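# Descriptive structure summary
Now for the letters of each chain:
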Amino acid sequence: MRCSRARFETCSSIPNGPAMMRPSSARGSEATSVQGAVPPTREQRMSCLKVFSVDAQQPFCHEQGSGMKKQRESQCTQKTISLLSPLGTIQVSGCENGVHTIQILMDVAPAERSSGAPLSCVVNDSPAETSPEMQRCVEWLQAYFSEPQTTGSLPLPAFHHPALQGDAFTSRVLHLLLKNVKFGETVSYKRLAEMAGNPRAVRAVGGAMRKNPVPLLIPCHRVISSSGQSGPYMSGKGDHLKQWLLTHETQRGKAEA
């Protein structure tokens, strides 16, 4: 939702008050003052100024871009569940309608993360009441670490993040990834761009992976370079996590074969 431009009108409700400056409705034009007018006090200005939205369908706002997105998300009553996993602490935030975000906090050093470590994922902190969608997400994550081969048969929670709504490129690519690239498989950025119908949109695919609000559930760690290199993860800060996840899936897949 874009912030509407506003125009200003004067108010004549101030008894014996001086005339106020009246900006022209044309954009970029300058205000002209009435000769001999005494500048109004701040209280007069505040009580007199009226703000009108140019577009009556949209409320006047002072936020733009990500601020508006946060405003829409804040309309939900979100709760957060904290999990302890081999990757470190994972925080799942969501509402009654679905999961909003999954955050990997990276509070475990890479040296402490090994293939021989216990593959458990336990709840560390949780609100007294959680929605069925949030509980479904927790169960899926717990299965991913301990019995990952079973995740294909488990129901996924609903998603309730703006980036996953509608038919924008980011949403379309992330849903394609979720639907087509299964446990133990990988896909190149180029191939995913082709699947999305735009072979030249390799960079855009990379951008969509960075915007993924629910990693692990939507497996952006399975998207790799055409050269076979794993490529960046979490803007380069979590490359070691991506390698761990790919190894985890490869080893568990071989063990089940």
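Report follows, based on the coordinates.

How each quantity is defined
Residues numbered from 1 in each chain as written. Predicted model: local features only at pLDDT ≥ 70, side-chain atom pairs only at ≥ 80, totals over all residues. Heavy atoms only, no water. Core = buried A, V, L, I, M, F, W, Y, C linked by side-chain atoms within 4.5 Å. Buried < 20%, exposed > 50% of the residue type's maximum accessible area, 1.4 Å probe, protein only. Helix = DSSP H or I, 4+ residues; strand = E, 2+ residues; numbered from the N terminus. Contact = heavy atoms within 4.5 Å. Pairing = 2+ DSSP bridges. Axes fitted to C-alpha atoms, helices over the stretch in contact; angles between N-to-C directions. Parallel < 35°, antiparallel > 145°, perpendicular 65-115°, else oblique. Nonpolar A, V, L, I, M, F, W, Y, C, P; charged D, E, K, R; others polar.

## Details of the nonpolar core
- In terms of nonpolar packing, the biggest core is built from 43 residues, with Ile90, Val92, Leu177 and Met209 touching the most fellow members.
- Those elements that place two or more of their residues in this core are β3 (79-85), β4 (88-95), β5 (98-104), α3 (132-146), α4 (169-180), α5 (189-195), α6 (202-210) and α7 (239-256).
- Looking at which element gives the most residues to this core, the answer is α3, with 7 residues.
- Those residues in contact with Ile90, other than ones at most four positions away along the chain, are Ile81, Ser82, Leu83, Ser85, Ile102, Gln103, Ile104, Leu141, Phe145 and Leu216.

## With respect to the side chain of Ser131
- On the secondary structure map, Ser131 appears in the loop between β6 (122-125) and α3.
- Given the relative accessible area of 5%, Ser131 is considered buried.

## Overview of the pairing of β4
- Of all the 8 residues making up β4, 7 are buried; the element is thus mostly covered by neighbouring parts of the structure.
- Sheet topology places β3 next to β4; 7 bridges connect them, and they run antiparallel. Among the inter-strand pairings, Lys79 is bridged to a residue of β4, identified as Gly94.
- Where β3 folds back on β4, the antiparallel hairpin that results is connected by 2 residues.
- In terms of strand pairing, β4 meets β5 through 6 bridges, oriented antiparallel. The residue bridging Val92 from the neighbouring strand is Ile102, located in β5.

## Let's talk about the sheet that holds β3
- Reading across from one edge, β5-β4-β3-β6 is the order of the 4 strands in this open sheet, with antiparallel pairing throughout. One side of each edge strand has no neighbouring strand; the edge strands of this open sheet are β5 and β6. Sheet twist, expressed as the average angle between the axes of neighbouring strands with direction ignored, equals 30 degrees.
- Across 3 bridges, β3 lies against β6 in antiparallel orientation. Within β6, the position partnered with Leu83 by the bridge is Val123.
- Contacts from α3 reach β3, β4, β5 and β6 within the one sheet, and its direction differs from that of β4 by about 155 degrees.

## Focus on the environment of Ser126
- Structurally, Ser126 is set in the loop between β6 and α3.
- Considering only alpha carbons, one finds Ser126 and Ile81, 45 residues apart in sequence, at a separation of 4.6 Å.

## Structural notes on the packing of α4 against α6
- Running from N to C, α4 and α6 cross one another at 80 degrees; their axes reach a closest spacing of 9 Å. Classified by the angle between their axes, α4 and α6 sit roughly perpendicular to one another. Across the interface between the two elements, Phe169, Thr170, Val173, Leu174 and Leu177 of α4 pack against Ala204, Val205, Ala208 and Met209 of α6.
- Residue classes in the contact of α4 with α6 are distributed as 8 nonpolar, 1 polar and no charged.

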